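# Structural overview
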Amino acid sequence: MDYQQTLTYINQLSISGVTLGLERIKELLKRLGNPQKQLRCIHVAGTNGKGSACALLESILRESGYKTALYTSPHLVCYNERYQINGICISDEYFAKEVTLVKKHCDQMVCDGFEHPTIFEILTAVAFHYFLIESVDIILLEVGLGGIFDATNVIEKPLLSIIMSIGMDHMEYFGNDIEKIAVEKAGIIKENCPVVLYPQKNLVYNKIVNICKEKKATLYSLQKQVQKKVFLQNIEKTIFSVSTPYYQYNLIDLRLLGDYQILNCITVLLACHVLQKNGISLKKENILNGIQKTHWQGRMEIMNYNPIVLLDGAHNTDGILMLAQSIQKYFKHKKITLLLGVLGDKEYEKMIQIILPLVDKIVLTEPNNYRKLNLEKLEEAMIPFHKPILKQIHVKEAYLTALSITSNKDAVICCGSLYMIGTLRNYISLHSEVLL
C-alpha cells in the first residue's frame, strides 16, 4: 500500500471502535518476531499528564545522547506524529511500509481463526517493529487507554513504569469509581520493576501503594516532602527550584505552561533519579537542557498574539480544571472568548460548570469525530450561565468567528477535544501571520 491507501485502511478500521484485551496484540507481535521483548521501554500511564511526561523525558534522554523513540496517542494532525525517533516523525513512505507489513499478518490471523486486531493494536505493533528496526536505545511508551488491557501493556519488564495524574475519564470502560480507575492505570506495574507516581488523591495513592507491595515493585513518590519555589511564571516560561528527599534542582527553565506542568516536571525529575539508580547515565546539565527544550503541541500552546490564541487539549474534567486555573493565573486581566467542541462521552456538563464562569463569550463547534456532541445539546447545557453563544458547526469557521469577536488585547481559548485542537493547529499553522 502507498501512504493514501494506508490511511484509507486505518480509517476504515477506526469505525469499529475500541475492544480491550491483549490476546490479539500478543498474537500479532508473535508473528512479527516479538519485537517488544528486544526493546527498552519507559511505560507511562495516567488520565492527564502522560504526554507531557513522555515529551519531557524524551527530550532529556535525547539531550543525554540516547537514540530515543516516542510513541504517543492520539495524534493532532496525522498518524506520523505518533512515531518519533530523536524528535523526527516517521516518513509517509516508512509508515506505509510498516502498516502494509502488519496488515499482512492481520489478514493471516483472520484466516487462521483469530479476531482481527483493532486499529490501536495495529498502530502499536507498528511502533514496536519500527523502533526495533531503527535500533533505538529507549522508548517512551504512552498508554492509549487504561493500562491493564491496553495494547502497550505487552511490555514484560520496563525500565520504569510512571503513573501520572489519575482522574475521571473513559468511565464507559472503567466505571465511575476512582479506585477502580486507579487499578486500571496501575495495570502497567510489573513484578520487581520500579514505579514513579505523580502526587495523587489519598484513595488513589493508597491503592497503588498496595499494588506495588503485592508485586514487589519499588515505589517512588513525592506525595509529601516537596519544597518548591517559583521565581517567574508568565506565558513565556516558568522558572522554579525544587528540593525533595531524592534530589534538588535550582532555576529550572520550563517552557510548558501551567501550574500542573510544574508537578509533571517534578515527577519527571524523580523518574530521572530512578533511571540514574538503574544505570541510565543522565547528567544534571543535560536534564535541565532537556527540560528547557521540551515543547508539547496542543497543550497550553500559544499560537498567536493580538489576540492571544491558546490551544489546550483539555478534554476531561481534570484537564478543564487545570485549564481554568491557568486562565486565572495568566489571563485574569483579559476578556476570554471560549471556542469549545467536545465528544459526547465526556463529562461535558461538569466541564462547562468549571470553565464558563471564567469566560465572556462562547463559540461552539463540533470536532471531526463520530463521537462528537452536537451543538444543540452542548448549548442546552450552557443556558443557566446566561453567556452570549455563537455556533459554527465547522471548526475553521468557528475559529474565524471567535477571532472576529475578540479584541487584539484579549484572548481566544480553544479546548474540549484533541480532534478539534488538531484541526485548529493545522489551520493556524498554515494561515497565521504571527505564528510562534
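This one's a predicted model, so the numbers in the text were calculated from it and none came from an experiment.

### Remarks on the packing of helix H2 (residues 23-31) against helix H4 (residues 92-111)
Between H2 and H4, the shortest axis-to-axis distance is 10 Å and the interhelical angle comes to 120°. In terms of axis orientation, H2 runs oblique to H4. Our pair here, H2 against H4, has a crossing hand that is right-handed. Residues Arg 24, Glu 27, Leu 28 and Arg 31 of H2 touch H4, and the partners they reach there are Val 102, His 105, Cys 106, Gln 108 and Met 109. Partitioned by chemical class, the residues of the contact of H2 with H4 number four nonpolar, two polar and three charged.

### Points about the nonpolar core
If you look at the biggest cluster of nonpolar residues, it comprises 42 residues, and the most contacted ones within it are Ile 42, Leu 57, Ile 162, Leu 269, Leu 282 and Ile 291. Put simply, the parts of the chain that give this core at least two residues each are strand E1 (41-45), helix H3 (50-63), strand E5 (138-142), strand E6 (160-163), strand E10 (238-243), strand E11 (248-254), helix H9 (259-277) and helix H10 (284-293). Considering every element that reaches this core, the biggest residue donor is H9, with 10 residues. Ignoring anything within four residues of it in the chain, the contact list for Ile 42 reads Leu 57, Leu 61, Ile 138, Ile 139, Leu 140, Leu 141, Leu 159, Leu 160, Ile 162 and Leu 275. Within the second largest apolar cluster, 39 residues are counted, among which are Ile 10, Leu 28, Cys 41 and Ile 139.

### Comments concerning the environment of Met 300
Mapping Met 300 onto the fold places it in the loop between H10 and strand E12 (301-304). The buried category is assigned to Met 300, whose relative accessible area is 3%. Measuring from C-alpha to C-alpha, the distance between Met 300 and Lys 409 comes to 19 Å, with 109 residues separating the pair along the chain. Residue contacts for Met 300: discarding those within four places in its chain leaves Leu 257, Tyr 260, Leu 310, Leu 311, Asp 312, Leu 323, Ser 326 and Tyr 330.

### Quick notes on the pattern of salt bridges
Tallying each qualifying case throughout the model produces 14 salt bridges. Notably, a salt bridge pairs Lys 293 with Glu 63, separated by 3.1 Å at the nearest N-O pair. Of this pair, Lys 293 sits in helix H10 while Glu 63 sits in helix H3, and the two are 230 residues apart along the sequence. As a salt-bridge pair, Glu 379 and Lys 391 come within 2.9 Å of each other at their nearest N and O atoms.

### Focus on the sheet that holds strand E16 (residues 389-391)
Spatial ordering of the open sheet is given by E12-E13-E17-E14-E15-E16, a layout of six strands whose pairing is mixed. Strands at the two margins of the open sheet, each flanked by one partner only, are E12 and E16. If you compare each strand with its neighbour and ignore which way they point, the axes differ by 25° on average. In terms of strand pairing, strand E14 (residues 336-340) meets strand E17 (residues 411-415) through five bridges, oriented parallel. Bridging from a neighbouring strand, Thr 337 pairs with Val 412 of E17.

### Details of unusual backbone geometry
In this chain, Ser 73 is followed by Pro 74 through a cis amide linkage whose omega measures -10°. Relative to the assigned elements, Pro 74 resides in the loop between strand E2 (68-71) and strand E3 (83-85). Of note, the amide linkage connecting Asn 306 to Pro 307 takes the cis form, showing an omega dihedral of 0°. Its location among the elements puts Pro 307 in the loop between E12 and strand E13 (308-311).

### Side note on the sheet that holds E2
Pairing in this open sheet of eight strands is mixed, and the strands run E4-E3-E2-E5-E1-E6-E7-E8 from one edge to the other. A single partner strand is all that each edge strand has here, and the edge strands are strand E4 (88-89) and strand E8 (219-221). Sheet topology places E2 next to E3; three bridges connect them, and they run antiparallel. Residue pairing in the sheet places Ala 69 in a bridge with Ile 85 of E3. Against the sheet, helix H5 (residues 119-133) contacts E1, E2, E3 and E5, and its axis sits at roughly 15° relative to E3.

### A word on the confidence of the model for the chain
Mean pLDDT over the chain works out to 93, with 96% of the residues at or above the 70 mark. This model gives residues 170-174 a pLDDT under 50, and the stretch forms 15 contacts once residues within four places in sequence are excluded.

### Concerning the environment of Leu 323
Mapped onto the secondary structure, Leu 323 falls in helix H11 (residues 317-330). A residue is classified by how much of its surface remains accessible, and Leu 323, at 1% relative accessible area, is buried. As a C-alpha pair, Leu 323 and Ala 402 span 79 residues in sequence and 18 Å in three-dimensional space. What Leu 323 contacts, discounting residues up to four positions off in sequence, is Met 300, Leu 310, Asp 312, Ala 314, Ile 355, Ile 413 and Cys 415.

### A look at the packing of aromatic side chains
Counted by the stated rule, this structure contains 11 aromatic pairs. With 6.3 Å between their ring centres and 55° between their planes, Tyr 330 and Phe 331 make a pair best called tilted. For Tyr 330, a relative accessible area of 12% corresponds to the buried category. Members of the aromatic cluster, connected to one another through ring pairs, are Tyr 3, Tyr 71, Tyr 79, Tyr 83, Phe 95 and Phe 120. In this structure, Lys 97 is placed above the aromatic ring of Tyr 94, and the distance from its NZ or CZ to the ring centre is 5.3 Å.

### Concerning the side chain of His 43
One can find His 43 in strand E1. A polar contact of 2.8 Å, which involves the side chain of His 43, links it to the side chain of Thr 152. When sequence neighbours within four positions are dropped, the list of residues in contact with His 43 reads Leu 141, Val 143, Thr 152, Asn 153, Pro 158, Leu 160, Ser 161, Ile 162, Ile 188 and Lys 190.

### Some details on the layout of surface pockets
Of the voids in this model, the second largest pocket is the one considered here, and its volume is about 400 Å³. Lining the second largest pocket are 21 residues; nearest its centre among them are Leu 70, Gln 84, His 295, Trp 296 and Gln 297. Among the elements that line the lining of the second largest pocket, the one with the most residues is H3, at four residues. When its residues are assigned to classes, the lining of the second largest pocket shows six nonpolar, nine polar and six charged.

Each value, and the rule that gives it
Residues numbered from 1 in each chain as written. Predicted model: local features only at pLDDT ≥ 70, side-chain atom pairs only at ≥ 80, totals over all residues. Heavy atoms only, no water. Axes fitted to C-alpha atoms, helices over the stretch in contact; angles between N-to-C directions. Helix = DSSP H or I, 4+ residues; strand = E, 2+ residues; numbered from the N terminus. Parallel < 35°, antiparallel > 145°, perpendicular 65-115°, else oblique. Left-handed = near helix turned anticlockwise from the far one by under 90°. Contact = heavy atoms within 4.5 Å. Nonpolar A, V, L, I, M, F, W, Y, C, P; charged D, E, K, R; others polar. Core = buried A, V, L, I, M, F, W, Y, C linked by side-chain atoms within 4.5 Å. Buried < 20%, exposed > 50% of the residue type's maximum accessible area, 1.4 Å probe, protein only. Salt bridge = Lys/Arg side-chain N within 4 Å of Asp/Glu carboxyl O. Pairing = 2+ DSSP bridges. pLDDT = per-residue confidence, 0-100. Phe/Tyr/Trp six-rings, centres within 6.5 Å; stacked < 30°, edge-to-face > 60°. Lys NZ or Arg CZ within 6 Å of the ring centre and 35° of its normal. Polar contact = N/O pair within 3.5 Å; in protein donor to acceptor, adjacent residues only side chain to side chain. 1 Å grid on protein atoms, 1.4 Å probe; cavity = no way out; pocket = protein on both sides within 12 Å on 5 of 7 lines; lining within 4 Å. Points joined across faces, edges and corners; volume = space filled by probe spheres on them.

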